[in-house]
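Fold and geometry: a report
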Amino acid sequence: MVRFENVGMRYGAGPEVLRDITMDLPAGSFHFLTGPSGAGKTSLLKLMYLAERPSRGLISLFGRDIATTPRRELPAVRRKIGVVFQDFRLIEHLSAFDNVALPLRVAGLAEDQIREHVSELLRWVGLADKLNARPATLSGGQQQRVAIARAVIGRPSLLLADEPTGNVDDEMALRLLRLFEEMNKLGTTLVIATHNEGLVTRFGHARLHLEHGELTQERARERQAG
Amino acid sequence: MLRRLDIPLNRDSSVRFLPWIIALMVYLAGLALAGTLVLQGALQRWDRSLAGTLTVQLPPAESGKPDAMPAALELLRRTPGVTSAEPLSREATARLVEPWLGTALTPDELALPRLIDLRIDPTASPDLAALRARLAAAAPGAVLDDHRIWLDRLAGLVLSIEVTALTIVLLIAGAAVLTVVFTTRAGLAVHHAVVEVLHLIGARDGYIAGQFQRQALDLGLRGGIVGLALTLLTLIAIGRAGAATALFGEHVRLLPALELAPWHWLMLALLPLAAALIAMLTARITVLRALQRMP
């Protein structure tokens with residue numbers, strides 16, 4: 001599903017922020033991505049959701065070498081990836097409904113189907129009464145739920161989330177993690193970047209740990225056992 | 001007209017001026033085009049009215065010398081392709097020079113050349129070079145004027161005006177393209193975050209470019225219609241002013257008669273559409289080129 005071989009990344013002419021990343025995440029896997037601030041978690045996610053290109057190494061998504069995939073085919077690859085951005089990146093002039101509907105509209109889905117799916121999902125994340133609310137009128141937690149709904153609405157094969165529970169209370173964090181687990185059971189591969197050790201411990205999925213741009217891969221349960 | 005925009009382009013301040021700039025450009029292009037079409041039409045009318053008409057000019061009769069007029073008339077009337085050859089009376093010739101010399105002088109006091117109005121069959125025109133030679137032999141000093149030199153010079157003038165007008169239209173189109181490029185780039189810079197989100201959630205370049213091109217088409221069309229309305233108002237005003245200047249006689253007009261054929265009006269009516277299409281294509285190409293630089 002996601003394969004990195006000796007991947008390095010730098011911004012412009014700066015130093016490498018990721019070094020020799022090699023990993024193979026099988027389809028249907030669930031990983032937490034952990035590490036201290038500045039370790040390169042967001043940069044690693046950016047490579048996975050094709051917002052950046054590596055400065056060296058090979059990235060393969062869904063069995064395709066990204067470097068050799070024609071540019072015109074990349075949007076279809078991106079539509080298989082759902083992303084929850086750390087800063088949400090909601091579109092300010094669009095309502096919560098339209099923000100969540102965006103991936104479906106981009107994919108060319110019919111409006112009646114969009115209406116049904118989006119309303120249902122927003123109801124599920126507790127925002128049934130906020131369909132027409134603009135992001136600026138929502139609390140941080142509500143915005144985060146809209147961002148999550150936008151990421152999962154297209155039923156992506158790969159879901160990447162950067163601190164998806166950072167702005168919600170513990171109860172909502174658990175609820176969202178359960179949503180992610182449900183998606184995982186349906187076959188979605190997940191990588192969740194988080195600082196929340198409690199969640200990592202509680203859900204016990206595999207962990208990708210970054211330190212100074214280098215990856216150490218270990219099982220959370222093994223770590224706990226150790 | 002606009003479908004829902006994921007990118008709030010209609011709120012940009014730079015976009016507010018675009019219709020007015022396009023209106024001004026369509027107005028200038030419309031005037032240049034209308035001027036060219038009026039001149040073209042006038043030239044064609046002159047050409048048509050002069051086709052089949054020639055003038056033979058004989059030197060003034062001198063006492064003691066035989067009159068060349070009968071010989072010239074006989075030659076001309078015998079020439080195949082000549083439908084009529086009629087001498088102009090002295091009074092008619094005098095009237096031709098009256099606007100310059102006034103009425104103080106009588107025709108007898110002037111050594112006016114004598115003119116023959118010659119009509120030829122445009123479909124079976126005689127060989128003018130051969131006719132000139134035979135005329136010179138039959139009536140020494142006779143000049144056959146087919147107005148071609150005058151018409152050619154006029155056509156040359158009209159052509160140079162047309163080239164100038166076309167250059168102006170092309171420069172206006174170039175300025176319109178640059179304006180749309182600037183506005184589109186400003187839009188891309190202002191809405192970079194939204195464009196990036198659309199890009200990352202899998203929007204094709206064409207989808208993102210579509211947002212900008214629809215906006216450009218809409219603004220271009222609106223500006224173009226305003227520009228066309230201004231052009232038409234100006235043309236009507238020129239037409240009325242031209243008619244007013246013709247009050248002293250149809251041949252004395254300060255402004256040319258505004259005579260446009262239906263297809264000329266159609267061309268003018270298509271200007272807003274052309275401006276809108278140029279704006280749309282420019283916006284599309286600008287956005288697609290910018291998106292090419294994204295991963």
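Here the structure is a predicted model, which is why all the values come from computation and not from measurement.

**Some thoughts on the domain arrangement of chain B**
If you check the domain split of chain B, you get domain 1 (9–48 + 150–292) and domain 2 (60–141). Relative placement of domain 1 of chain B and domain 2 of chain B: their C-alpha centres are 51 Å apart.

**Observations concerning the sheet that holds strand S5 (residues 64–65) of chain A**
All names here are of chain A. If you walk across this open sheet you meet the 4 strands as S2-S1-S4-S5, and the pairing is antiparallel. Strands with a single pairing partner mark the edges of an open sheet, and in this sheet they are strand S2 (16–25) and S5. As defined by bridge partners, strand S1 (residues 2–10) adjoins strand S4 (residues 56–61) across 5 bridges and the pair is classed as antiparallel. Pairing of Glu5 across the sheet is with Leu58, part of S4.

**Focus: the sheet that holds strand S3 (residues 114–120) of chain B**
All names here are of chain B. The strand order across the open sheet formed by 4 strands is S2-S3-S1-S4, and the pairing between neighbours is antiparallel. Two strands lie at the open edges of the sheet, namely strand S2 (82–87) and strand S4 (143–145), each paired on one side alone. Looking at each pair of strands side by side, their axes are set apart by 20° on average, direction ignored. Along the sheet, helix H2 (residues 69–78) contacts strand S1 (53–58), S2 and S3; its crossing angle with S2, the most-contacted strand, is approximately 165°.

**Section: the pattern of salt bridges**
Under the counting rule described, the total for this entry stands at 16 salt bridges over all chains. Measuring nitrogen to oxygen at the nearest pair gives 3.1 Å for the salt bridge that ties Glu197 of chain A to Arg207 of chain A. Placement of the pair is Glu197 of chain A in helix H7 (residues 197–203) and Arg207 of chain A in strand S9 (residues 206–211), with a sequence separation of 10 residues. As a salt-bridge pair, Glu74 of chain B and Arg78 of chain B come within 3.8 Å of each other at their nearest N and O atoms. Here the residue Glu74 of chain B and the residue Arg78 of chain B both occupy positions in helix H2, the gap between them amounting to 4 residues, near one helical turn. Owing to a relative accessible area of 48%, Glu74 of chain B belongs among the partly exposed residues under this scheme. Among the ionic contacts, a cluster of salt bridges with common partners joins Glu16, Asp20 and Arg56 of chain A.

**Points about the interface of chain B and chain A**
Listed by partner, the interface residues are 22 residues for chain B and 21 residues for chain A. Both sides of the chain B and chain A interface together cover about 2000 Å² of buried area, and 58% of this is carbon and sulfur. Connecting chain B to chain A are 2 salt bridges. With its nearest N and O atoms 2.3 Å apart, the salt bridge here joins Asp205 of chain B to Arg71 of chain A. The interface formed by chain B and chain A includes 8 residue pairs in polar contact (both at pLDDT 80 or more). Put simply, the parts of the chain that give the side of chain B that touches chain A at least two residues each are helix H6 (192–200), helix H7 (205–245) and helix H9 (271–292) of chain B. Among the residues making up the side of chain B that touches chain A, the classes are represented as 13 nonpolar, 3 polar and 6 charged.

**Looking at unusual backbone geometry**
Residues and elements named next belong to chain A. Non-glycine residue Leu50 carries a positive phi angle of around 60°. Mapped onto the elements of the fold, Leu50 is located in the loop between helix H1 (41–48) and S4. Notably, Arg155 is not glycine yet its phi reads approximately 45°, a positive angle. Within the secondary structure, Arg155 sits in the loop between helix H5 (140–152) and strand S7 (158–162).

**Quick notes on the nonpolar core**
All names here are of chain A. Core analysis: the biggest nonpolar cluster contains 41 residues, and Val100, Val118, Leu122, Val152 and Phe180 have the highest contact counts within it. Going through the elements one at a time, strand S3 (30–34), helix H3 (96–106), helix H4 (111–124), H5, S7, helix H6 (170–185), strand S8 (189–193) and H7 are the ones with two or more residues in this core. Examining the composition of this core, we find that 8 residues originate from one element, H6, more than from any other. Val100 has contacts with Val118, Leu121, Leu122, Val146, Ala149, Arg150 and Ile153, leaving out every residue within four places of it along the chain. In this structure, Leu44, Ile66, Val83 and Val191 belong to the second largest nonpolar core, which totals 34 residues.

**Thoughts on the packing of aromatic side chains**
All names here are of chain A. By the definition in use, this model includes 2 aromatic pairs over all chains. Their ring planes at 85° and their centres at 5.4 Å tell us that Tyr49 and Phe85 sit as a pair that is edge-to-face. Taken as a pair, Tyr49 in the loop between H1 and S4 and Phe85 in the loop between strand S6 (81–84) and H3 lie far apart in primary sequence, 36 residues in all. The pair Tyr49 / Phe85 is uniform in exposure class, with both members buried.

Cut-off values and rules
- Residues numbered from 1 in each chain as written.
- Chains lettered and ligands numbered in written order.
- Predicted model: local features only at pLDDT ≥ 70, side-chain atom pairs only at ≥ 80, totals over all residues.
- Heavy atoms only, no water.
- Domains from an automatic or database assignment.
- Pairing = 2+ DSSP bridges.
- Helix = DSSP H or I, 4+ residues; strand = E, 2+ residues; numbered from the N terminus.
- Axes fitted to C-alpha atoms, helices over the stretch in contact; angles between N-to-C directions.
- Contact = heavy atoms within 4.5 Å.
- Salt bridge = Lys/Arg side-chain N within 4 Å of Asp/Glu carboxyl O.
- Buried < 20%, exposed > 50% of the residue type's maximum accessible area, 1.4 Å probe, protein only.
- Buried area = accessible area lost by both parts, 1.4 Å probe.
- Polar contact = N/O pair within 3.5 Å; in protein donor to acceptor, adjacent residues only side chain to side chain.
- Nonpolar A, V, L, I, M, F, W, Y, C, P; charged D, E, K, R; others polar.
- Core = buried A, V, L, I, M, F, W, Y, C linked by side-chain atoms within 4.5 Å.
- Phe/Tyr/Trp six-rings, centres within 6.5 Å; stacked < 30°, edge-to-face > 60°.

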